[in-house]
Amino acid sequence: MRFPRLIPLICLVTCLAASAWSADLTGNWAVRQDQHDGTERRTYFDLKQDGDRITGHIRATQFYYAIKESTGEADGFTLTGSMIDVDKKERKVTYRGKLIGDELHIAAAGRGGAPGTDMVAHRAPAGEGAYPARVDLPALHKVPDNGLAKTPPMGWNSWNKFHGRVDDAAVRGMADAIASNGMKDAGYLYVNIDDTWEGYRDAAGNIQSNKKFPDMKALADYVHGKGLKLGIYSSPRPDTCAGYEGTYGHETQDAKTYAAWGIDYLKYDWCAARNLYAAEEMQAVYQKMGDALLAAGRASKRPIVFSLCQYGNDDVWKWGPDVGGNLWRTTGDIRDAWDSMTKIGFAQNDLAQWAKPGHWNDPDMLEIGNGMMSDTEYRTHMSLWSMLAAPLLAGNDLRDMTPGIKEILMNREVIAIDQDKAGKQGKRMSLAGDQEIWMRDLDGGAKAVALFNRGGDAAKMSVKWKDLGVKGKARDLWAHANVKVEGEEFAATVPSHGVVLLRVSK
Ligand code: GLA
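Residues numbered from 1 in each chain as written. Predicted model: local features only at pLDDT ≥ 70, side-chain atom pairs only at ≥ 80, totals over all residues. Heavy atoms only, no water.

## Concerning the packing of aromatic side chains
For the record, the criterion: Put simply, two rings from Phe, Tyr or Trp (the six-membered ring, in Trp's case) pair if the centres are within 6.5 Å, and we call them stacked under 30 degrees between planes, edge-to-face over 60, tilted for the rest. In this text, helices come from DSSP runs of H or I with a minimum length of four residues, and strands from runs of E with a minimum of two, each type numbered from the N-terminal end. Accessible area is worked out with a 1.4 Å probe on protein chains only. A residue is then buried under 20% of its type maximum, exposed over 50%, and partly exposed in between. Think of it as a cone above the ring: NZ of Lys or CZ of Arg counts as a charge over the ring if it is within 6 Å of the ring centre and within 35 degrees of the ring normal.
Under the definition given, this model contains 16 aromatic pairs. Ring geometry for Tyr190 versus Tyr265: centroids 5.2 Å apart, planes at 55°, classification tilted. With a gap of 75 residues between them, Tyr190 in strand 10 (residues 190–192) and Tyr265 in strand 14 (residues 265–269) connect regions that are remote in the sequence. Each member of the pair, Tyr190 together with Tyr265, is buried. Ring pairs connect the aromatic residues Tyr268, Trp270, Tyr286, Phe306 and Trp319, which therefore count as one cluster. Against the face of Tyr222 rests Arg172, its NZ or CZ located 4.7 Å from the ring centre. In this structure, Arg237 is placed above the aromatic ring of Tyr248, and the distance from its NZ or CZ to the ring centre is 3.6 Å.

Okay, structure coming up:
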């Protein structure tokens, strides 16, 4: 008796759900989320439904996926998009959604399939948000040297600490701090705005800053007034990594805009270019901007440092200088964590030969002072980056630093290693378990020697004077004390995750 009464109920539930699914999802759907800076984050689902199969594309921030799998379920649908990333690996994303009235409620499945934040998409005109066609790339040539960055650039960059929260006030605050806390005198010069400053283009195609940066030219004047320089960020594709307006098709125009604002430095981040160009085509893409920056900088008599950011793909160190690059990222993004910092820093050995005045390997910005490593570990970070002749771009809040962090960032004896004018990157001399000794040739025949202990316990480490090829004076650059050069070797107890850094000269 109970059974027949259940049947209409089951039918009611499944039939209603099935009718939701059988609605045609074909069309272009846009999610528009207001951001605090006056721009919108837009995500597009360009769908074609054929029965319960959906094909099409998903465009989300810097990513553009082709839909490869779809399932229609009683209570909605699932789409899986796929793309080949710059490292040639497949990157996938899965969204689960449901049509409710004329709204598409959709959420990316997070790790382990857990639903992300629900977004609401509405129908958008066909073609809106469509990915632009690929434009042909110029033939390769050598971009003349801009004469900048004879030593690795020093300064600050907003990304590591602020991400999307950077604004005009923060940048002015950093410039004030650098100019007054001793950093400027120690060599920190560039104040660099990373991603999320961008607004939209005006009717003539000129890029504008968003609400967080009401007047870029005024900001540049302010920073210049402090005796410092202003840097900015863009991407060679329509979208930057955070999904803001990129430079695609506007290289010359944007370079001129930057020059008119008084910009001194551009970080040019591959990001969405991954969707149209292969890694092997990067050189031509970067060359286009290298040419544009050189021309704009010459015209305005304010040359612009060109910082390449494509995560070390396609052997960038071999062609970085040819596209006018002053520095090029050699890795993915650093995190404020011992594992991340050491994994990146100690992996730079094989790239030493490519660093030279004007052209540097860039193992990413500093995390010193961001709070997730100990001061001992931050001293290792500063020492290692200096041994690597790496750019020293502080990534913390300079308005609020402990005396310990100030001392690390402003250790002039260590900075002098980084900024050594011979511009030769250091190399690993020996490796024994967790202990690594690195050496760097300095101007005039001196050497920097770093004894790194990556292990969990303090360790006694030593280096023979004769293996350094120079003997005379030695100085401990963290203790700020001379070391007696006697006997066969230098020996020290190096704390766990710590370093002893020496400068040895005749
Ligand atoms: C990439 C870069 C970072 C930063 C962000 C900004 O991840 O590698 O350094 O510029 O983009 O979106």
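## Some remarks on unusual backbone geometry
Here the phi dihedral of His163 falls at roughly 45°; this positive angle occurs in a residue that is not glycine. Tracing the backbone shows His163 in the loop between helix 2 (159–162) and helix 3 (168–180). For His163, a relative accessible area of 33% puts it in the partly exposed group. One non-glycine residue with positive phi stands out, namely Asp315, at about 50°.

## Remarks on the site of the ligand
Spelled out, the test is: For each residue, the test is whether any non-hydrogen atom lies within 4 Å of the molecule or strand; if one does, the residue is near. Under the rule applied, a polar contact is a pair of N or O atoms within 3.5 Å (in protein, one hydrogen donor and one hydrogen acceptor; residues adjacent in sequence only if both atoms are side-chain atoms). For accessible areas, the Shrake-Rupley method is used with a probe of radius 1.4 Å. Any residue's cover is judged against the shown protein chains and nothing else. Gly counts as polar in this scheme, as do all residues outside two lists: the nonpolar Ala, Val, Leu, Ile, Met, Phe, Trp, Tyr, Cys and Pro, and the charged Asp, Glu, Lys and Arg.
Around the ligand sit 13 residues in total, of which Asp194, Asp195, Lys267, Asp269 and Asp333 are the nearest. Asp195 has a polar side-chain atom sitting 2.9 Å from an oxygen atom of the ligand. Within the complex, the protein chains bury 92% of what would otherwise be the 310 Å² of accessible surface of the ligand. Split by residue class, the shell around the ligand holds seven nonpolar, no polar and six charged.

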